[in-house]
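Descriptive structure summary
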Protein chains: 4
Amino acid sequence: MTATPARRRDATRTRALLLQTARRRFARDGYSSTTLRDIADEAGVNVALIARYFESKEGLFEACLTAAVDEIKRETGDAQLSEVHLIIADQAARIGEGGPPSQLMLLLRSSGDERADEIRRGVLRNSAERLAAAAGHHPGDDDTLLRAQVVLAASLGIVLLRSVGAMEPLQTADRDTLAGPLRDLVAALLPARDEPKRSRGSDGP
Amino acid sequence: MTATPARRRDATRTRALLLQTARRRFARDGYSSTTLRDIADEAGVNVALIARYFESKEGLFEACLTAAVDEIKRETGDAQLSEVHLIIADQAARIGEGGPPSQLMLLLRSSGDERADEIRRGVLRNSAERLAAAAGHHPGDDDTLLRAQVVLAASLGIVLLRSVGAMEPLQTADRDTLAGPLRDLVAALLPARDEPKRSRGSDGP
Amino acid sequence: MTATPARRRDATRTRALLLQTARRRFARDGYSSTTLRDIADEAGVNVALIARYFESKEGLFEACLTAAVDEIKRETGDAQLSEVHLIIADQAARIGEGGPPSQLMLLLRSSGDERADEIRRGVLRNSAERLAAAAGHHPGDDDTLLRAQVVLAASLGIVLLRSVGAMEPLQTADRDTLAGPLRDLVAALLPARDEPKRSRGSDGP
Amino acid sequence: MTATPARRRDATRTRALLLQTARRRFARDGYSSTTLRDIADEAGVNVALIARYFESKEGLFEACLTAAVDEIKRETGDAQLSEVHLIIADQAARIGEGGPPSQLMLLLRSSGDERADEIRRGVLRNSAERLAAAAGHHPGDDDTLLRAQVVLAASLGIVLLRSVGAMEPLQTADRDTLAGPLRDLVAALLPARDEPKRSRGSDGP
DNA sequence: TATGAATGAGAATTCATTCAT
DNA sequence: GATGAATGAATTCTCATTCAT
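Given the structure is predicted, the values throughout are model-derived calculations rather than measurements.

**Looking at the protein's contact with DNA strand E**
- Around DNA strand E sit 40 residues, and of these Arg9, Arg52 and Tyr53 of chain A, Arg9 of chain B together with Arg52 of chain D come closest.
- Take the atoms of DNA strand E that sit within 4 Å of the protein: sugar and phosphate atoms are 61% of them.
- Interatomic distance of 2.9 Å between a backbone N/O atom of Lys57 of chain B and a phosphate oxygen of DNA strand E.
- Those elements that place two or more of their residues in the surface near DNA strand E are helix 1 (11-29) and helix 3 (48-54) of chain A, helix 2 (36-43) and helix 3 (48-54) of chain B, helix 2 (36-43) and helix 3 (48-54) of chain C together with helix 1 (11-29) and helix 3 (48-54) of chain D.
- Residues belonging to the surface near DNA strand E are distributed by class as follows: 18 nonpolar, ten polar and twelve charged.

**Digging into the packing of aromatic side chains**
- If you walk through the whole model with that rule in mind, you get twelve aromatic pairs over all chains.
- An angle of 75° between the planes, with centres 5.1 Å apart, marks the rings of Tyr31 of chain B and Phe61 of chain B as edge-to-face. Of this pair, Tyr31 of chain B sits in the loop between helix 1 (11-29) and helix 2 while Phe61 of chain B sits in helix 4 (residues 57-76), and the two are 30 residues apart along the sequence.
- Stacked on the ring of Tyr31 of chain A, the Lys or Arg Lys57 of chain A has its end atom at 4.5 Å from the ring centre.

**Some thoughts on the packing of helix 5 (residues 84-94) of chain A against helix 7 (residues 142-164) of chain A**
Residue and element names in this part refer to chain A.
- The N-to-C vectors of helix 5 and helix 7 enclose an angle of 20°; their axes lie 9 Å apart at closest approach. Taken together, the axes of helix 5 and helix 7 lie roughly parallel to each other. You can see that helix 5 and helix 7 cross each other, and the crossing is right-handed. On the side of helix 5, the interface is formed by Ile88, Ala92 and Ala93, while helix 7 contributes Val151, Ser155, Ile158, Val159 and Arg162.
- Partitioned by chemical class, the residues of the contact of helix 5 with helix 7 number six nonpolar, one polar and one charged.

**Some points on the interface of chain A and chain B**
- Across the boundary between the two partners, chain A contributes 43 residues, which contact 43 residues of chain B.
- In total, about 3,500 Å² of surface goes out of reach between chain A and chain B, with carbon and sulfur atoms giving 71% of it.
- The interface formed by chain A and chain B includes two salt bridges.
- One salt bridge in this structure joins Asp184 of chain B and Arg147 of chain A, with 2.9 Å as the shortest N-O distance.
- For the pair chain A and chain B, the interface holds nine residue pairs in polar contact (both at pLDDT 80 or more).
- Those elements giving two or more residues to the side of chain A that touches chain B turn out to be helix 6 (114-134), helix 7 and helix 8 (175-189) of chain A.
- Of all the elements, helix 7 of chain A adds the most residues to the side of chain A that touches chain B, at 15 residues.
- Of the residues that constitute the side of chain A that touches chain B, the class distribution is 24 nonpolar, nine polar and ten charged.

**A word on helix 1 (residues 11-29) of chain C**
Residues and elements named next belong to chain C.
- With 19 residues, helix 1 extends 27 Å from end C-alpha to end C-alpha; this agrees with the ideal 27 Å at 1.5 Å per step.
- Those residues of helix 1 that fall on the buried side of the exposure criterion are Thr14, Leu18, Leu19, Thr21, Ala22, Arg23, Arg25, Phe26 and Ala27.
- The inward-facing, buried residues of helix 1 abut helix 2, helix 3 and helix 4 (57-76).

**Here we look at the relation of the copies chain D and chain C**
- Overlay of chain D on chain C (RMSD 0.3 Å): rotation 179°, translation along the axis 0.1 Å. In short, the pair behaves as if placed about a two-fold rotation axis.
- Same-surface contact between copies: 95% of interface residues of chain D are shared with the interface of chain C.

**Here we look at the interface of chain D and chain C**
- Tallying the contact residues gives 42 residues for chain D and 41 residues for chain C.
- Roughly 3,500 Å² of surface becomes buried between chain D and chain C when both sides are summed, with 71% attributable to carbon and sulfur atoms.
- Three residues, Leu146, Met167 and Asp184 of chain D, lead the burial of chain D against chain C; their summed loss comes to 16% of the area buried on that side.
- Counting across the interface, chain D meets chain C through two salt bridges.
- One can count nine residue pairs in polar contact (both at pLDDT 80 or more) joining chain D with chain C.
- Only helix 6 (114-134), helix 7 (142-164) and helix 8 (175-189) of chain D provide two or more residues apiece to the side of chain D that touches chain C.
- Per element, the largest residue contribution to the side of chain D that touches chain C is 15 residues, and it comes from helix 7 of chain D.
- Residue composition of the side of chain D that touches chain C, by class: 24 nonpolar, eight polar and ten charged.

**Focus: the packing of helix 1 of chain C against helix 4 of chain C**
All names here are of chain C.
- The geometry of helix 1 relative to helix 4 is characterised by a closest axis approach of 9 Å and an angle of 90° between their N-to-C directions. The angle between the axes of helix 1 and helix 4 places the two elements in the roughly perpendicular class. Only Lys57, Leu60, Phe61, Ala63, Cys64, Ala67, Ala68 and Glu71 of helix 4 make contact with helix 1, whose side of the interface consists of Leu19, Ala22, Arg23 and Phe26.

Rules of the game
Residues numbered from 1 in each chain as written. Chains lettered and ligands numbered in written order. Predicted model: local features only at pLDDT ≥ 70, side-chain atom pairs only at ≥ 80, totals over all residues. Heavy atoms only, no water. Near = heavy atom within 4 Å. Polar contact = N/O pair within 3.5 Å; in protein donor to acceptor, adjacent residues only side chain to side chain. Helix = DSSP H or I, 4+ residues; strand = E, 2+ residues; numbered from the N terminus. Nonpolar A, V, L, I, M, F, W, Y, C, P; charged D, E, K, R; others polar. Phe/Tyr/Trp six-rings, centres within 6.5 Å; stacked < 30°, edge-to-face > 60°. Lys NZ or Arg CZ within 6 Å of the ring centre and 35° of its normal. Axes fitted to C-alpha atoms, helices over the stretch in contact; angles between N-to-C directions. Parallel < 35°, antiparallel > 145°, perpendicular 65-115°, else oblique. Left-handed = near helix turned anticlockwise from the far one by under 90°. Contact = heavy atoms within 4.5 Å. Buried area = accessible area lost by both parts, 1.4 Å probe. Salt bridge = Lys/Arg side-chain N within 4 Å of Asp/Glu carboxyl O. Expected span 1.5 Å × (residues − 1). Buried < 20%, exposed > 50% of the residue type's maximum accessible area, 1.4 Å probe, protein only. Least-squares fit on C-alpha atoms with pLDDT ≥ 70 in both.

This is the structure in structure tokens:
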């Protein structure tokens, strides 16, 4: 990160460029529909560099997944239950015509690579658990965990539908419009901790 | 012309066999990850027969989609709002270790074929609309439609997560266990018609 | 050839139908570009019948060639030198938009089948020899034979160019228009027997 | 960067090698009878390189055609009418047992690719026109143009017959032997400009 | 570090042919 | 005699990967 202008042959930079491009393409088109040449061309570098930096197509995918996971964790790290619906709305709202596809999509894309798949599953499990924890989940309370997983499923479903396209008004709803139904959804499934579990609806201040 | 013991050379049967196999593979592995040879081998027939009966890979996919759509329509034709959560639970509960992947998955798989994609989108749109209608949707009421789409998204998300695997207790929850959270979810998003529409929760002071 | 109207399942008739269709397609599109299914479909019969009647694709081609050869021999059997140019003009003039492609084309199409190729070569050789004989060729007179072969080559070339298409006025010239240049050509190369060899030009009666 | 002993990995060289091989095979066997694997194997390189350098089989054929056209134009660029028969004899004489088939053959080979076919037709038309021009053709003079086309047809026919093989003495005639009949042929069809046009036939002692 | 050349495996698709009815 | 089902062997083309510079 020195002040070297007009740099070429910058390994870390090239690597990052490839990674970024790959994340977008994998998320948008899926693993097997994306070719390494597509990625390299879009990144403006030579295909062989992918092998250099990521070993193989699967290696690249794994790196994309790890990066996406880190990003998701960073963004949702200290989420409170009361803002979960906003976070979801946020993620979903990002997906639009021109914008980059949500990295959540990566979590739904299988590469056939067992290692990458295990990472994916781990992240999904972990996300649901954190969600459940925020809702006061304690070991053995399978119902809360299940409900958290349903919330996660709904989030992924919305992201998915938006990426599929052509379903109005969901397709173009903005963050605030999405937040309403999502708040109801979260409230119904994961009532705030200190309240009696069946009293959905009053998610208070 | 005997009582069909050990028949071979049965066109409709072979066609159906191919279609069934293809539906499972496409739903499970996605369009581009599935090879025609895979399908033919699994069906125990020669690859060239796929061309004979379905013209091309895209033709086969389109046939799968149409078949899935018909099946879905048949199964959910006259659904009442009060049983929507049961239908969803039903669909989701079908997906287990050995069982066939839900045909709903097909609706989320893109083939790149524009014609098939349009069918997919049409079915998705239509499903959401029927759901909204059951909830008393009337033209111009975008909020109810949006909420119906969120319910659909949640259903698809659950199916998706179950097909991804390894997320307990969602993975192995049975129909009745799933029905609970789903009832709450549907109730929260699509209140029964005869209730005042705005009485969901107390959304803010 | 009895007076049996409304016949189906007529072996010789089916065979003839296939042969006729095959001759047209092979002449028009060449051996390897023509598929048996094309031929069978155009003839309105089942593909398997080709195997029944002609053994194989090569067998069918050979049959076409033989038939074409017979036809050519019949039409040009007793040609006089003075009418050679008319015969050529005739053959060439047949090739037009809608009409059937000249069977001469078959003589230029290789099938890769050694036996068929030998037939082709034989016919070509023989044609040139008959032409030379009409011009008074005697054993050892290689020059006359060569000239006859050049005349044959020119004929084939014209047929070929017409079948290629899009070269006016050659493409649409009628028999009489073609006859002029062809008479000069034949006269120049194969002077009538009783005249001194170098005195081309007076092809009068 | 030594003095090019035993070089490999030379793109232009590989491309040229493929092109040369393809020209020979296409000219000899025709478009559909020639497989890309044949060409690649004969050239000693991998099949995939054809796609790399020429996009597709049709692309390769088009490149062959263009190359052949260029070569023909270069060799016949400034032909005088009086030497036309020598040029034809030259072309024809090249075709022998071991030698490469004349590139003229390519002009008669259809690929089914409309673009390539248009090139072919264009070249043929143009050749005839140049020939006619050398003979003093002026707009509207269809007769001279037709005669030039017949000369072209004869040339192609000779080339064709030689490539078919097995027709003596045409098959092995050398340039000078061919020149005689060809001179007569050209003279008969395209009398020299400064002579009265209708005086064909008696070209004096 | 980066590039372009070259490869081999595997994809869909086409087609002549054989089998069963 | 005729048909349709089924097969296996190509063929073109795509793509991840490796090699040489």
